[in-house]
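One-letter residues, chain by chain:
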2 protein chains.
Amino acid sequence: MTDASTWRRLGFLLTQLGTFASARFAERVRDLGLVPSDAGVLRLLSRNPGMSQRDLAGRLGTVPSRVVVLIDSLEDRGLVARTRSQNDRRNHELRLTDAGHATMGALRGIAEAHERELFASLDDEERRLLQGILAKLAAGFGLDAEVHPGYSERGQ
Amino acid sequence: MTDASTWRRLGFLLTQLGTFASARFAERVRDLGLVPSDAGVLRLLSRNPGMSQRDLAGRLGTVPSRVVVLIDSLEDRGLVARTRSQNDRRNHELRLTDAGHATMGALRGIAEAHERELFASLDDEERRLLQGILAKLAAGFGLDAEVHPGYSERGQ
DNA sequence: TATTGTTATACTCTATAACTATA
DNA sequence: TATAGTTATAGAGTATAACAATA
């Protein structure tokens, strides 16, 4: 049995490191002129081209009116395009533009550099163990493997 | 060498799980009528009674004006008391009231239950490994062992 | 009548700057 | 003149509700 101080420290560490990792990622994407929520939207649209705003809201766990603001901003910067669906003209189909795909490519590079930086102090065995344990925890809590958090309520 | 998809997944998992853990902790402390930032302040004051607001701001990584709001709220609820320092009447010495100590006790119980819930799916060996790896990472990034994140800027 | 997206609006959180009281 | 704390204020992010277009 693990003692109480270790019990306490584990959740604390997870929260601290998760926050640290997010903040560091935010710094990096800012170099691309993006905020973290932009990055998540681009990622989701690159994998699911043609998604409607409503689908996107559902997937991100937020409300449609928030998606309007997110997409307005990305559209203004020429990274995402809205086109009216021909099947149902109420829908907007969302897709990355060419510039959006290019930014998405840069984002992949940034994500990889981010990972390398974060886990540079671990050896291969430690990384493998950490990956296994964190994946087990995430699966247990039903976390969506494609969606970054931070689209609803206030982050804590 | 670990392959690229594993690299990527690790930081992603850390952010997801950290956010999940914070959100779950926020739910639990809400049962005590607190928000997470209250919990961190109570914790710090219980270990450092007599702290000034300026010291607290520095420790939390935020600005003095934010501390005013945090302490106002805790004082209104009778959990923290301000007393003018006799050495330097510009300073407020901050201390938990009796009710504040009682709430702090309840908070310890909640923190422990939180840990048990989060890591229930792991066996002792996995917990030990996770603890070692996370502690190594946190130390490498210079994270303060006593301070929860979330007092500056916006959560991500 | 129901649904998609939009707008208007309000609320919370946080930071900056000006202010007061003490030193 | 400098420092601790406070107040006023402004900005960002997010949600709710009312609305227009389409089904």
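The model shown is predicted, which means the values in this text are computed figures rather than measured ones.

Novice: I'd like a rundown of the side chain of Thr-62 of chain A, residues and numbers included.
Specialist: Residue and element names in this part refer to chain A. Its place among the elements puts Thr-62 in the loop between helix H3 (53-60) and helix H4 (64-76). Residue Thr-62 is classed as buried on the basis of its relative accessible area, which comes to 15%. Within polar-contact distance, the side chain of Thr-62 engages the backbone oxygen of Tyr-151 at 3.1 Å. For Thr-62, the residues in contact, after removing those within four places along its chain, are Ala-57, Val-67 and Tyr-151.

Novice: Break down the interface of chain A and chain B for me, citing the residues and quoting the values.
Specialist: With 55 residues of chain A in contact, the opposing surface of chain B contributes 54 residues. Where chain A packs against chain B, one counts 2 salt bridges. A salt bridge links Glu-126 of chain B to Lys-136 of chain A; the nearest nitrogen and oxygen atoms lie 3.1 Å apart. Applying the counting rule to chain A against chain B returns 6 residue pairs in polar contact (both at pLDDT 80 or more). Taken together, the elements giving at least two residues each to the side of chain A that touches chain B come down to helix H1 (4-30), helix H2 (36-47), helix H5 (98-118) and helix H6 (124-140) of chain A. By residue number, the principal contributor to the side of chain A that touches chain B is H1 of chain A, which donates 19 residues. Residue classes in the side of chain A that touches chain B are distributed as 28 nonpolar, 13 polar and 14 charged.

Novice: Give me the pattern of salt bridges: which residues, what numbers.
Specialist: When charged atoms on two side chains of opposite charge get close, those side chains can pair. Scanning all chains against the criterion turns up 24 salt bridges over all chains. Residue Arg-28 of chain B is joined to Glu-117 of chain B by a salt bridge in which the shortest nitrogen-to-oxygen separation is 2.8 Å. Of this pair, Arg-28 of chain B sits in helix H1 (residues 4-30) while Glu-117 of chain B sits in helix H5 (residues 98-118); the two residues are 89 residues apart in sequence, bridging distant segments of the chain. Residues participating in the shared-partner salt-bridge network are Arg-24, Glu-27, Arg-28 and Glu-117 of chain A.

Novice: Before we move on, can you summarise the environment of Ala-113 of chain B with the specific residues and values?
Specialist: All names here are of chain B. Topologically, Ala-113 is positioned in helix H5. Residue Ala-113 is classed as partly exposed on the basis of its relative accessible area, which comes to 30%. C-alpha separation for the pair Ala-113 and Arg-28, spaced 85 residues apart in sequence, amounts to 9.3 Å.

Novice: Give a detailed account of the packing of H2 of chain A against H4 of chain A, specifying residues and quantitative values.
Specialist: Residue and element names in this part refer to chain A. Between H2 and H4, the least distance of the axes is 11 Å, while the angle of their chain directions is 85°. Taken together, the axes of H2 and H4 lie roughly perpendicular to each other. Of H4, the residues touching H2 (which contributes Ser-37, Asp-38, Val-41, Leu-42 and Leu-45) are Arg-66, Leu-70, Ile-71 and Leu-74. Looking at the contact of H2 with H4, its residues break down into 6 nonpolar, 1 polar and 2 charged.

Novice: Residue-level account of the environment of Arg-127 of chain A, with values.
Specialist: Considering the arrangement of structural elements, one finds Arg-127 of chain A in helix H6. For the pair Arg-127 of chain A and Gly-50 of chain A, spaced 77 residues apart in sequence, the C-alpha to C-alpha distance is 36 Å.

Novice: Would you mind going over the relation of the copies chain A and chain B in detail, with residue names and values included?
Specialist: Its rotation angle being 180°, the transformation that places chain A on chain B also includes 0.0 Å of axial translation and leaves an RMSD of 0.0 Å. Considering both components of the superposition, the chain copies are consistent with a two-fold axis. Judged by C-alpha distance, Gly-18 of chain A is the residue of chain A that lies nearest the rotation axis, at 2.1 Å. When the interface residues of chain A are mapped onto chain B, 98% of them are again interface residues, pointing to one common binding face.

Novice: Could you give me a rundown of the confidence of the model for chain A, with the residues and numbers involved?
Specialist: Taken residue by residue, chain A gives an average pLDDT of 90. The fraction at 70 or more is 92%. Low confidence marks residues 1-7 of chain A, where pLDDT is under 50. Its contacts with residues over four positions away, or in another chain, come to 11 contacts.

Novice: Provide a residue-level description of H3 of chain A, including the pertinent values.
Specialist: Residue and element names in this part refer to chain A. All buried positions along H3 are accounted for by Gln-53, Leu-56, Ala-57 and Leu-60. Axial view of H3: buried residues confined to an arc of 100°, hence all on one face. Facing away from the buried side of H3, by more than 90 degrees, are the exposed residues Arg-54 and Gly-58. Against H2, H4, strand E1 (80-84) and strand E2 (92-96) lie the buried residues of H3. Trailing H3 by a residue or two, Gly-61 shows a phi angle of about 75°, which is positive.

Novice: If you had to explain the packing of aromatic side chains to someone new, which residues and values would you point to?
Specialist: Scanning the model with the defined rule gives 2 aromatic pairs over all chains in all. Plain terms: the ring middles of Phe-20 of chain A and Phe-141 of chain B are 4.4 Å apart, the flat faces sit at 25° to each other, and that makes the pair stacked. Here the residue Phe-20 of chain A occupies a position in helix H1, and Phe-141 of chain B occupies one in the segment after helix H6 (124-140), the pair thus bridging two chains. On the basis of relative accessible area, Phe-20 of chain A is assigned to the partly exposed category, the value being 23%.

Novice: So, the packing of H2 of chain A against H5 of chain A: which residues are in play, and what are the values?
Specialist: All names here are of chain A. Two elements in contact, H2 and H5, have axes whose closest approach is 10 Å; the angle formed by their N-to-C orientations is 110°. Taken together, H2 and H5 sit at an angle that is classed as roughly perpendicular. For the element pair H2 and H5, the recorded crossing hand is left-handed. Taking contact as the criterion, the partners of Ala-39, Leu-42, Arg-43 and Ser-46 in H2 are, on H5, Thr-103, Met-104, Leu-107 and Arg-108. When the residues that make up the contact of H2 with H5 are grouped by side-chain class, the tally is 4 nonpolar, 2 polar and 2 charged.

Calculation criteria
Residues numbered from 1 in each chain as written. Chains lettered and ligands numbered in written order. Predicted model: local features only at pLDDT ≥ 70, side-chain atom pairs only at ≥ 80, totals over all residues. Heavy atoms only, no water. Helix = DSSP H or I, 4+ residues; strand = E, 2+ residues; numbered from the N terminus. Buried < 20%, exposed > 50% of the residue type's maximum accessible area, 1.4 Å probe, protein only. Polar contact = N/O pair within 3.5 Å; in protein donor to acceptor, adjacent residues only side chain to side chain. Contact = heavy atoms within 4.5 Å. Salt bridge = Lys/Arg side-chain N within 4 Å of Asp/Glu carboxyl O. Nonpolar A, V, L, I, M, F, W, Y, C, P; charged D, E, K, R; others polar. Axes fitted to C-alpha atoms, helices over the stretch in contact; angles between N-to-C directions. Parallel < 35°, antiparallel > 145°, perpendicular 65-115°, else oblique. Least-squares fit on C-alpha atoms with pLDDT ≥ 70 in both. pLDDT = per-residue confidence, 0-100. Arc of directions from axis to C-beta. Phe/Tyr/Trp six-rings, centres within 6.5 Å; stacked < 30°, edge-to-face > 60°. Left-handed = near helix turned anticlockwise from the far one by under 90°.

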